[in-house]
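Examining the three-dimensional arrangement
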Amino acid sequence: MSPTLKRAHNFNAGPAVLPLPVLEKAQADLLDYCGTGMSVMEISHRSKEFEAIIQKAEADLRDLMGIPANYKVMFLQGGASLQFAMLPMNVRPAGASADYIVTGTWSKTAFKEAGKQGAARAAANTEASNFNRLPAASEIQADPNAAYLHFTSNETIHGVEWKSEPIPPAGVPLICDMSSDFLSRPVDVSRYALIYAGAQKNAGPAGVVVVIARDDMLARTPANLPVMLDYKLLAESGSLHNTPPCWSIYIVGLVLEWLKGLGGLEAMARINQEKAGLVYRAIDGSGGFYRGHAVPEARSNMNVPFRMPSEELENKFVKEATAAGLVGLKGHRSVGGLRASIYNALPRPSVEALVQFMADFQKKEG
Ligand SMILES: *Cc1c(COP(=O)(O)O)cnc(C)c1O
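Let me sum up the structure you'll find in this document. Since this is a predicted model, take the numbers as computed values, not measurements. (Residues numbered from 1 in each chain as written. Predicted model: local features only at pLDDT ≥ 70, side-chain atom pairs only at ≥ 80, totals over all residues. Heavy atoms only, no water.)

1. So, the overall build of the protein
Check the secondary structure of the protein and you find ten helices and 14 strands. Relative to the compact-globule value of 21 Å for 366 residues, the protein shows a C-alpha radius of gyration of 21 Å, a close match. Dimensions of the protein, computed from C-alpha atoms along their principal axes, come out at roughly 65 × 55 × 30 Å. The burial tally for the protein puts 54% of its 366 residues in the buried class. The long-range share in the protein, meaning contacts at least 24 apart out of those at least 6 apart in sequence, stands at 67%. Each charge class in the protein was averaged separately, 36 positive and 36 negative side chains, and the resulting centres sit 4 Å apart. (Helix = DSSP H or I, 4+ residues; strand = E, 2+ residues; numbered from the N terminus. Rg over C-alpha atoms; globule rule 2.2 N^0.38 Å. Buried < 20%, exposed > 50% of the residue type's maximum accessible area, 1.4 Å probe, protein only. Contact = heavy atoms within 4.5 Å. Lys, Arg positive; Asp, Glu negative; His and termini not counted. Charge placed at Lys NZ, Arg CZ, Asp CG, Glu CD.)

Laid out in structure tokens, this is it:
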């Protein structure tokens, strides 16, 4: 890294910070990828170079997450938002109903999309408390005949994160939108029938969404779906039915290599736990000056929304933090206040800078 390079303390919610070694590798390879004399943006998706990129990305993902052999991995487009629609189109048989656990903006949106072309019901809904908590197991009224049970492992806007998966009724496949805590900790993939995650929070740039689907879910795809909405066909083509988002997949591949070099998901989870602990300690130690949105048991290690005594102070905080090089801290409009997104790639010194800034700001304004 050049001594004059100035990187922001990047708390953006997504697209978000990427690991510096990944950006440096992409930069080094930019003009001449592996002796081709071209960048990854300029080579064919049918070239042997790109085939190696996508195959290695899949192999590294399988290795990091321990994905069993009876699951397919797809690199698709349209973001997690398209998955909200594609999932029920493929996996909910005609006439069947799908269950959703609604714990924040994203699961609520997924639920709404699923209701457009078939039956969907909320097995639990925590909106009455402005999505600041997770439902207790006893609150989840799951349909034993549901086509699947869907949940969102981390609510990016409300900052609530499941510590372990909800348990569906026997025989009901568990499906997860893992967009904003994907690769942040180990996950037992065998408990899931299907996982999807947009890359731009924790795994790479915007433009690609990773779908991990068990074979029996792919067998549910009905005939005559439009090709680009057809899981079975896309999986069979190795995500190469048409031109995939080559550059995004390449960067995801570099992020996966970076994670492996770090020691994998156990190591990443430890680092994330420590970083989140610093922020929550700062909130809890502020005597109520900073107030976390989520109840302590449901707190996310990825997104920390918090409030301050007045909107005026919140605006001042954001303005002064930005001037000090801490960017992306303004909260989502539905929760208000501040939000610190502290994804995998956010270096610990950035979290330390935030915590110091919070203490200084409180001393000055509290
Ligand atoms: C950001 C996000 C989405 C939407 O992702 P897009 O790629 O913009 O469609 C969906 N779910 C969760 C949990 C998210 O964080």
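2. Structural notes on the site of the ligand
Taken together, 13 residues surround the ligand, and among them S81, T156, D177, Q200 and K201 come closest. Note that an oxygen atom of the ligand is positioned 2.6 Å from one of the side-chain N or O atoms of S81. Within the side chain of D177, an N or O atom sits 2.6 Å from a nitrogen atom of the ligand. With four residues, the top contributor of residues to the shell around the ligand is helix α3 (residues 79-91). Per-class residue counts for the shell around the ligand are three nonpolar, eight polar and two charged. (Near = heavy atom within 4 Å. Polar contact = N/O pair within 3.5 Å; in protein donor to acceptor, adjacent residues only side chain to side chain. Nonpolar A, V, L, I, M, F, W, Y, C, P; charged D, E, K, R; others polar.)

3. Considering the sheet that holds strand β11 (residues 291-292)
With antiparallel pairing, the three strands of this open sheet are ordered in space as β11-β12-β14. Two strands bound the open sheet, and with one partner strand each, they are β11 and β14 (338-341). Where β11 lies against strand β12 (residues 303-307), two bridges are found, and the strand directions are antiparallel. Note that in β12 the partner of G292 across the bridge is F306. Seen against the sheet, helix α8 (residues 264-284) touches β11 and β12 and runs at an angle of roughly 15° to β12. (Pairing = 2+ DSSP bridges. Axes fitted to C-alpha atoms, helices over the stretch in contact; angles between N-to-C directions.)

4. Observations regarding the pairing of strand β5 (residues 149-152)
Neither face of β5 is left uncovered, since the one carrying L149 and F151 and the one carrying H150 and T152 both have all their residues buried. Where strand β3 (residues 97-102) lies against β5, two bridges are found, and the strand directions are parallel. Considered in β5, the bridge of Y100 is made with H150. Bridging between β5 and strand β8 (residues 174-177) involves four bridges; their strand directions are parallel.

5. Observations regarding the side chain of H293
Turning to its location among the elements, H293 is positioned in the loop between β11 and β12. We classify H293 as buried; its relative accessible area is 14%. From its side chain, H293 meets the backbone oxygen of N130 in a polar contact 2.9 Å long. Residue contacts for H293: discarding those within four places in its chain leaves N130, F131, N132, H158, P305, F306 and V335.

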